[in-house]
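Spelled out, the chains give:
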Protein chains: 2
Amino acid sequence: MTRILLVDDQSLVRVGFRTILETEPGFEVVGEAADGRDAVTKAKELRPDVICMDVQMPVLDGLAATREICEGDSGASVLMLTTFDRDDFLFEALRAGASGFLLKTAEPEHLIDAIHALARGDALLAPAVTRRVIERFATPDGTTTLPEAAELDTLTERERETLMLLARGHSNGEIAERLYVGEATVKTHVSNVLMKLGIRDRIHAVIWAYEHGVVQAGTGSVPTVE
Amino acid sequence: MTRILLVDDQSLVRVGFRTILETEPGFEVVGEAADGRDAVTKAKELRPDVICMDVQMPVLDGLAATREICEGDSGASVLMLTTFDRDDFLFEALRAGASGFLLKTAEPEHLIDAIHALARGDALLAPAVTRRVIERFATPDGTTTLPEAAELDTLTERERETLMLLARGHSNGEIAERLYVGEATVKTHVSNVLMKLGIRDRIHAVIWAYEHGVVQAGTGSVPTVE
DNA sequence: AGGCGCCTCAGTCGTGCGGGGGAGTGTGGA
DNA sequence: TCCACACTCCCCCGCACGACTGAGGCGCCT
């Protein structure tokens with residue numbers, strides 16, 4: 001008998017899951033929780049084999065709850081469910097200790113199969129996210145030669161300089177001083193960089209720079225206000 | 001109908017698999033190959049949905065064959081099978097593009113479930129290897145010990161959560177959604193973080209996070225404008 | 001000669017951000 | 001009981017940022 005704990009802040013969703021799961025012999029929904037804090041408590045009490053966990057919830061979200069549950073010795077496998085197919089959810093969920101990751105758009109029999117898999121101790125990922133996980137494995141560190149971002153080549157010399165300084169936390173005015181040009185010029189460069197990299201603001205440019213090795217941790221100055 | 005290609009240098013093993021798989025309705029073993037080179041050729045010819053691939057084989061081993069197949073546009077999912085539970089096999093297989101990894105000691109119904117999963121596009125890992133995959137995610141490299149900035153301790157739980165999300169490039173509004181609080185609350189948290197860390201704006205907070213290991217390159221999502 | 005890409009700047013405009021204040025809740029310790 | 005602290009939320013305000021449009025100068029190529 002596979003003991004299941006349902007965790008979702010929407011009772012409608014819980015009812016839906018319960019209905020689907022109870023059609024399957026060998027499944028027993030032993031409890032429900034409406035938020036992460038409740039989930040952690042119930043996981044200890046009820047000792048389920050599999051926990052179907054929503055990502056977005058009040059009080060304590062699904063990621064934090066999964067972290068707590070997996071740090072304990074409950075022995076439960078967590079199947080993370082989400083409405084949105086977002087990378088950050090996925091990777092955080094896996095890091096938190098989840099064994100599965102499905103979208104709520106999944107078919108009922110798909111969900112049932114996933115729970116069977118997790119009950120056995122398997123890990124199971126939704127089709128849409130599989131590729132990204134594999135890709136993440138493909139380049140775990142620099143030794144396998146990073147892609148070295150093709151987008152970087154599309155930037156002009158001046159735009160690269162601007163990106164470097166921008167990634168170090170300099171404002172447009174500061175960059176202008178460094179490059180001995182007007183602030184309006186810097187703004188043009190910054191706009192071009194954002195457009196070429198396909199990102200929305202300078203903050204994402206900073207992140208992009210770190211993620212693509214344009215700047216590395218420990219090689220620059222640590223920002224303080226002094 | 002799920003079309004399956006069996007690849008193993010031992011004919012006895014192939015016969016065994018074929019017998020097991022043919023008991024399952026919806027499965028059709030469309031071909032067999034005895035080495036990696038043969039597998040690549042047959043994968044192109046027969047266009048299977050799932051390829052059951054042995055790791056150790058003459059001529060071209062399962063890892064190399066998987067790499068070639070996945071680089072092409074065959075659309076086939078590769079289920080890697082091995083007698084030995086070795087880390088290097090596992091990670092190499094995933095890097096090569098395999099979608100599943102099972103031990104040959106797996107139960108027949110386990111194998112059947114795995115093929116169902118792969119046919120849908122899922123990824124499936126054996127219980128024994130699941131833990132190691134998750135762990136690999138948890139620590140992207142060996143140097144688990146980081147600076148661990150003392151200032152981080154002065155932050156409250158909520159402020160740390162805010163910093164994490166902020167460092168991933170989320171706006172105040174987005175953070176508010178994630179934490180289920182108002183934007184005003186997030187602004188308070190952000191202001192507190194900036195004050196406690198002694199930095200001037202959220203951009204420097206992103207940099208601070210990368211420099212102090214609060215977030216690491218390669219462990220989050222790369223920003224794009226969707 | 002003309003075209004093109006890069007660099008340089010100006011101006012306007014809307015918005016997100018961050019500082020400054022204040023205020024209410026609940027919890028836990030002195 | 002009272003106080004400290006974390007968390008929640010509200011207001012106002014100034015400003016840096018980024019989008020948009022337009023413009024001139026420079027070197028290079030056909």
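Remember, it's a predicted structure, so these values are computed and weren't measured experimentally.

### So, helix α9 (residues 172-179) of chain B
All names here are of chain B.
Part 1: Burial in α9 covers these residues: N172, I175, A176, R178 and L179. Buried residues of α9, viewed axially, fall in a sector of 165 degrees; they line one side.
Part 2: Y180 lies just past α9 and shows a positive phi near 55 degrees.

### Re the protein's contact with DNA strand D
Part 1: Not every one of the 17 residues close to DNA strand D is listed here, only the nearest: A:R202, B:T156, B:G182, B:T185 and B:H189.
Part 2: When atoms of DNA strand D within 4 Å of the protein are sorted by moiety, sugar and phosphate together comprise 70%.
Part 3: Contact between DNA strand D and A:S191: a phosphate oxygen at 2.9 Å from a side-chain N or O atom of the residue.
Part 4: Between B:R158 and DNA strand D, the recorded distance is 2.9 Å, taken from a side-chain N or O atom to a phosphate oxygen.
Part 5: Taken together, the elements giving at least two residues each to the surface near DNA strand D come down to α10 (183-197) of chain A together with α8 (157-167) and α10 (183-197) of chain B.
Part 6: For the surface near DNA strand D, the per-class residue count stands at four nonpolar, eight polar and five charged.

### Digging into the pairing of strand β5 (residues 100-103) of chain A
Residues and elements named next belong to chain A.
Part 1: Because side chains alternate across β5, one face comprises the buried residues G100 and L102, and the other comprises F101 and L103, equally buried.
Part 2: As defined by bridge partners, strand β4 (residues 77-82) adjoins β5 across four bridges and the pair is classed as parallel. Across the sheet, the residue bridging to M80 is F101, located in β5.
Part 3: Sheet analysis places β5 next to strand β6 (residues 123-125), joined by two bridges and oriented parallel. Its bridge partner being in β6, F101 is matched across the sheet by L125.

### Points about the confidence of the model for chain A
Part 1: With 81% of its residues at a pLDDT of 70 or more, chain A shows a mean pLDDT of 79.
Part 2: Below a pLDDT of 50 lies the segment residues 138-147 of chain A, which in the model reaches five contacts outside its immediate sequence neighbourhood of four places, other chains included.

### Details of the nonpolar core
Part 1: Core analysis: the biggest nonpolar cluster contains 48 residues, and A:L163 and B:L163 have the highest contact counts within it.
Part 2: Going through the elements one at a time, α8 (157-167), α9 (172-179), α10 and α11 (202-211) of chain A together with α8, α9, α10 and α11 (202-211) of chain B are the ones with two or more residues in this core.
Part 3: Ignoring any residue separated from it by four or fewer positions in sequence, one finds B:L163 in contact with B:L152, B:L155, B:V193, B:L197, B:A205, B:W208 and B:V214.
Part 4: Counting 40 residues, the second largest nonpolar core, distinct from the first, contains A:V13, A:V29, B:C52 and B:L79.

### Brief notes about the protein's contact with DNA strand C
Part 1: Of all residues adjacent to DNA strand C, which total 17 residues, the nearest are A:T156, A:R158, A:G182, A:T185 and B:R202.
Part 2: Sugar and phosphate atoms constitute 71% of the interface atoms of DNA strand C, taking the interface as everything within 4 Å of the protein.
Part 3: One of the side-chain nitrogen or oxygen atoms of B:S191 is found 3.2 Å away from a phosphate oxygen of DNA strand C.
Part 4: Separating a phosphate oxygen of DNA strand C from a backbone N or O atom of B:R202 is a distance of 2.5 Å.

Parameters and conventions
- Every chain begins its residue count from 1, and numbering advances along the sequence as written.
- The order in which chains are written sets their letters, starting at A; the order in which ligands are written sets their numbers, starting at 1.
- Note on the predicted model: pLDDT of at least 70 is required for a residue's local features to be given, and 80 or more for side-chain atom pairs to be given and counted; whole-chain, interface and lining totals, by contrast, use all residues.
- Only hydrogens and water are set aside when side-chain values are computed; all heavy atoms of the structure are taken into account.
- For every residue, the accessible area obtained with a 1.4 Å probe (protein chains only) is divided by the maximum for its type, and the residue is called buried under 20%, exposed over 50%, and partly exposed between those limits.
- Think of it this way: any DSSP run of H or I at least four residues long counts as a helix, any run of E at least two long counts as a strand, and we number them from the N terminus.
- Read the arc as the range of directions from the helix axis to the C-beta atoms.
- Any residue with at least one heavy atom within 4 Å of a molecule or strand is counted as near it.
- For the purposes of these results, a polar contact is taken to be a pair of N or O atoms within 3.5 Å, where, inside protein, one atom must be able to donate a hydrogen and its partner to accept one; residues adjacent in sequence count only when each atom of the pair is a side-chain atom.
- In this count, Pro and Cys sit with the nonpolar residues alongside Ala, Val, Leu, Ile, Met, Phe, Trp and Tyr, while Asp, Glu, Lys and Arg are called charged and the others, Gly among them, polar.
- By this definition, two strands are paired if DSSP reports at least two bridges between them.
- Residue-level confidence of the predictor is summarised by pLDDT, bounded by 0 at the bottom and 100 at the top.
- By definition in these notes, contact holds between two residues if any of their heavy atoms fall within 4.5 Å.
- The definition of a nonpolar core used throughout is a set of buried Ala, Val, Leu, Ile, Met, Phe, Trp, Tyr and Cys residues joined through side-chain atoms within 4.5 Å.

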